[in-house]
Amino acid sequence: MTDSDRTPPPGAPDPSAPFEGPRADAGVIYYVAASLDGYIARADGSLDWLEQGAVDYGFHPFMASVDAVVMGRATFDHVVNYGSWPYGDVPGWVLSGSGADPVFEQVTVTDAAPVEVLRAVRGAGRSKVWLVGGGRTVRAFLEASAVDRLAIYTIPILLGDGIPMFPAGFPESRWRPVGARVFENGVIENVLDRVADDA
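Everything quoted here is computed from the prediction, not taken from an experiment.

**A look at the pairing of strand E7 (residues 149-155)**
Step number 1: Of all seven residues in E7, six are buried; the element is thus mostly enclosed.
Step number 2: Pairing analysis gives seven bridges linking strand E1 (residues 27-35) to E7, with the strands arranged parallel. Looking at E7, one finds that Ile29 is bridged to Arg149.
Step number 3: Pairing of E7 with strand E10 (residues 188-194), which is carried by six bridges, proceeds in the antiparallel orientation. Bridged to Ala151 within E10 is Val191.

**A few points about the nonpolar core**
Step number 1: Formed by 29 residues in total, the largest nonpolar core has its most connected members in Val69, Met71, Trp85, Tyr87 and Trp130.
Step number 2: Going through the elements one at a time, E1, helix H1 (59-64), strand E3 (68-72), helix H2 (73-80), strand E6 (128-133) and E7 are the ones with two or more residues in this core.
Step number 3: The biggest single contributor to this core is E7, with three residues.
Step number 4: Every residue in contact with Trp130, bar those within four places of it in the chain, is listed here: Ile29, Tyr31, Phe59, Phe62, Met63, Val66, Ala68, Val69, Val70 and Tyr87.
Step number 5: Residues Val28, Leu95, Leu131 and Leu150 belong to the second largest nonpolar core, which totals 22 residues.

**Observations regarding the sheet that holds E3**
Step number 1: The eight strands lie next to each other as E5-E4-E3-E6-E1-E7-E10-E9, forming an open sheet whose pairing is mixed. Edge strands, defined here as strands with exactly one partner in the open sheet, are strand E5 (107-110) and strand E9 (175-182). Between one strand and the next, the sheet's axes are offset by a mean angle of 20°, whatever the strand orientation.
Step number 2: Alignment of E3 against E6, held across four bridges, turns out to be parallel. Looking at E6, one finds that Met71 is bridged to Gly133.
Step number 3: Against the sheet, helix H4 (residues 135-143) contacts E1, E3, strand E4 (92-95), E6 and E9, and its axis sits at roughly 135° relative to E6.

About the thresholds
All chains use their own residue numbering, which begins from 1 and follows the written sequence. Residues qualify for local features only when their pLDDT is at least 70, as the model is predicted, and side-chain atom pairs are given and counted only at 80 or more; totals for whole chains, interfaces and linings, by contrast, use all residues. Water and hydrogen atoms were dropped before computing side-chain values, which therefore reflect all heavy atoms in the structure. The cut-offs for exposure are 20% and 50% of the maximum accessible area for each residue type, with area from a 1.4 Å probe on protein chains only; residues under the lower value are buried, those over the upper are exposed, and the others partly exposed. In DSSP terms, a helix is any run of H or I states spanning at least four residues, a strand is any run of E spanning at least two, and both are numbered starting from the N terminus. At least two bridges found by DSSP between two strands are what make those strands a pair. To qualify as a nonpolar core, a set must consist of buried Ala, Val, Leu, Ile, Met, Phe, Trp, Tyr and Cys residues joined through side-chain atoms within 4.5 Å. Pairs of residues are marked as contacts when any of their non-hydrogen atoms sit within 4.5 Å. Every axis corresponds to a line fitted to the C-alpha atoms, with the helix fit spanning only the stretch in contact, and the corresponding angles, defined between N-to-C directions, vary from 0 to 180 degrees.

Structure below.
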């Protein structure tokens, strides 16, 4: 059998087509920027090491594909500092065990487990979820096998310390590469889909 005779599995990208970045298909995507040593923020939560606005990395097409966002309380506290809801009409669910003021009309605060949160999201007619972070919330979704796609942007910097992209404590899982790009400034984009446990 030649390569041209091989039929890609359902959902696999067309290898002859240029990769144009991630999209939020039905499911949950963890779209995140991280340092070379795997941190998404400094220990104090600061993001000053990220380039702001220099390169788009396909964010706007990605955001246009999203119809819900989910985040933890600490991440939401940073969002509140923006002064307005940065996701437009896209509703958000904030996971908080201690409660929080929703602040914005688009936000629902909940202490529910990931499976219940996703049930509420789908009950609202939404199905394309950006899991914004932070680390503990991502770990909870991974523990529940509730993340379907990863879109990781590796920034060429070593922080030495900070908030990890994947805090320890979730079960092993396997992921299939969907596409990758290297940008002129050295940022590497990797997009991967979860391999089903019974695959």
